[in-house]
Amino acid sequence: MDEADAERAHLRTVLTAFTYYKAHSRNRNHRRRRDFLALPEHHKRLIPDVLEKIDKVEHCIEKNMIMLRDIVKCAGMFMGIDPRVLVAEGSQIQGDKPPVTPMDMDKVRSTLKQFVRDWSDEGKAERDATYGPILEALENIYGDVEVKDRGNIRILVPGAGLGRLAYDIASKGISKQHEYEIHPFIHSFSNIRSSEQQLQPIRIPDIVPSQLPATADFSMAAGEFVEVYGGDEDGYGTWDVVVTCFFIDTATNIISYLEVIHNILKEGGTWINIGPLLYHFEDLPGEDSIELSLEEVKRVSRDIGFEFKTENTFNTTYTSNPDGMLKYVYESAFWVATKKSK
């Protein structure tokens, strides 16, 4: 499979997962309804509101689907093809197999939570804890540069997710524009403090993403980091800053990431990092994975040619339910390092 076919297959998988979100989620919700109806009558009388809550979840699923449908409709601009054609193509390829896998649907549910983290008022505390140190570090470096001149500063944010960090680097948007209401926390009934909180809509986006300074040259590139930036020697030494946020542990070989970051930075350029070391490919069947300790990551980085200027640790969460009873807190490693001059 060549690169174009692989990209088409990936987009087809994503669009199919978004398209089947409603049907898949309703099936899961129906199981809750069935389990409730199977209870003894005296148990049902003790929790009369549960069936009503399950019915409300149906409505929330439809609200989520409104946004997901719009995402699918807009996907054609990336491939120059009707998204419905891609989804139909996927159904033909799958044949009698299920059109989506449980992992595909997990990613859709995760994306809904990512919207909370990146583009809602409710996600602000999590953004402040994670993005705040990065933005502060950039301000310390470039605070004396006038806004009109900052368009000349080249900053790369690999693994940008839904793009809020990259946007905040390019702009200080404050305008409100709540175009969608989503319900990202309806898919699990565990660790919920109250049903009212669980069903509460979250409005996105909290700012107008299109409002960038005229001098900002903002763009995005799809693809695997090492493949996109590691093989283009013309791009070596062309970036002023590389910002890695919850990113370096997504590598199968983290040393390759470190080398590419070093290669693409200008001499004296800055690498800003924050995040844990939750290696994504560890113990994954069929995948190679190199897992280094934090101490080893820093030692290898120094050996490659980085000088650490600032090091710290910040407690951060990731796509957590602000009102939930369970939160995973990472002791995220933060540093500002520069590429040594030859």
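See the structure above.
Bear in mind that the values here come from a model prediction, so they are computed numbers and not experimental data.

Draft legend 1. Main features of the nonpolar core. Ranked by internal contacts, the top residues of the largest apolar core, which has 31 residues, are Tyr21, Met67, Leu68 and Ile204. At the level of secondary structure, the elements contributing two or more residues to this core comprise α1 (3–19), α4 (49–74), α6 (83–94), α7 (102–119), β2 (180–182) and β3 (202–204). Examining the composition of this core, we find that 7 residues originate from one element, α4, more than from any other. In contact with tyrosine 21, other than residues within four places in its own chain, are Ile61, Asn64, Met65, Leu68, Met105, Val108, Leu112, Ile186 and His187. Of all hydrophobic cores here, the second largest spans 24 residues; its members include Trp239, Ile254, Leu258 and Val300.

Draft legend 2. Summary view of unusual backbone geometry. Of note, the amide linkage connecting isoleucine 204 to proline 205 takes the cis form, showing an omega dihedral of -10°. With respect to the helices, strands and loops of the structure, proline 205 is situated in the loop between β3 and α11 (225–230). Residues other than glycine seldom take positive phi values, yet aspartate 283 does so here, at roughly 65°. With respect to the helices, strands and loops of the structure, aspartate 283 is situated in the loop between β5 (265–275) and α13 (294–304). Aspartate 283 sits in the exposed class, given a relative accessible area of 72%.

Draft legend 3. Looking closely at the pairing of strand β4 (residues 239–245). Within β4, 7 of the 7 residues are buried, leaving the element largely enclosed by the surrounding structure. In this structure, strand β1 (residues 155–156) lies alongside β4, joined through 2 bridges in parallel fashion. Note on β4: the bridge partner recorded for isoleucine 155 is valine 241. The pairing of β4 with β5 spans 6 bridges and is parallel.

Draft legend 4. Quick peek at the side chain of threonine 250. Here threonine 250 shows up in the loop between β4 and α12 (254–264). A polar contact of 2.7 Å, which involves the side chain of threonine 250, links it to the backbone oxygen of phenylalanine 247. A distance of 3.2 Å separates polar atoms of two side chains, one belonging to threonine 250 and the other to tyrosine 257. Beyond its immediate sequence surroundings of up to four residues, threonine 250 is in contact with Tyr257, His280 and Phe281.

Draft legend 5. Examining the sheet that holds strand β6 (residues 306–316) more closely. The strand order across the open sheet built from 5 strands is β1-β4-β5-β7-β6, with neighbouring strands paired in mixed fashion. Looking at strand neighbours, the two that pair on one side only are β1 and β6, the edges of this open sheet. The strands touched by helix α8 (residues 124–142) within the sheet are β1, β4, β5, β6 and β7 (330–339), with β5 carrying the most contacts at an inclination of about 155°.

Draft legend 6. Structural context of a negative patch on the surface. A contiguous patch of negative charge, built from Glu3, Glu7, Glu224 and Glu227, is present on the exposed surface. Examined against the element boundaries, glutamate 224 turns out to sit in the loop between β3 and α11.

Draft legend 7. Expanded view of the environment of serine 210. Mapped onto the elements of the fold, serine 210 is located in the loop between β3 and α11. The class for serine 210 is exposed, based on a relative accessible area of 63%. In the structure, serine 210 is positioned 39 residues away from serine 171 in sequence and 9.9 Å away in space, judged by C-alpha atoms.

Draft legend 8. Just the packing of aromatic side chains, in detail. Summed over all chains, the structure comprises 12 aromatic pairs. Through pairs of rings, three or more aromatic residues link up here, namely Phe225, Tyr229, Trp239, Phe247 and Tyr257. Above the ring of phenylalanine 246, the side-chain terminus of arginine 117 is found at 5.3 Å from the ring centroid. Over the ring of tryptophan 239 we find arginine 154, and its NZ or CZ is 3.9 Å from the ring centre.

Calculation criteria
Residues numbered from 1 in each chain as written. Predicted model: local features only at pLDDT ≥ 70, side-chain atom pairs only at ≥ 80, totals over all residues. Heavy atoms only, no water. Core = buried A, V, L, I, M, F, W, Y, C linked by side-chain atoms within 4.5 Å. Buried < 20%, exposed > 50% of the residue type's maximum accessible area, 1.4 Å probe, protein only. Helix = DSSP H or I, 4+ residues; strand = E, 2+ residues; numbered from the N terminus. Contact = heavy atoms within 4.5 Å. Pairing = 2+ DSSP bridges. Polar contact = N/O pair within 3.5 Å; in protein donor to acceptor, adjacent residues only side chain to side chain. Axes fitted to C-alpha atoms, helices over the stretch in contact; angles between N-to-C directions. Patch = residues over 30% accessible without salt bridge, like charges linked within 9 Å, V, L, I, M, F, W, Y side chains within 5 Å. Areas by Shrake-Rupley, 256 points an atom, 1.4 Å probe, with all protein chains shown as cover. Salt bridge = Lys/Arg side-chain N within 4 Å of Asp/Glu carboxyl O. Lys, Arg positive; Asp, Glu negative; His and termini not counted. Charge placed at Lys NZ, Arg CZ, Asp CG, Glu CD. Phe/Tyr/Trp six-rings, centres within 6.5 Å; stacked < 30°, edge-to-face > 60°. Lys NZ or Arg CZ within 6 Å of the ring centre and 35° of its normal.

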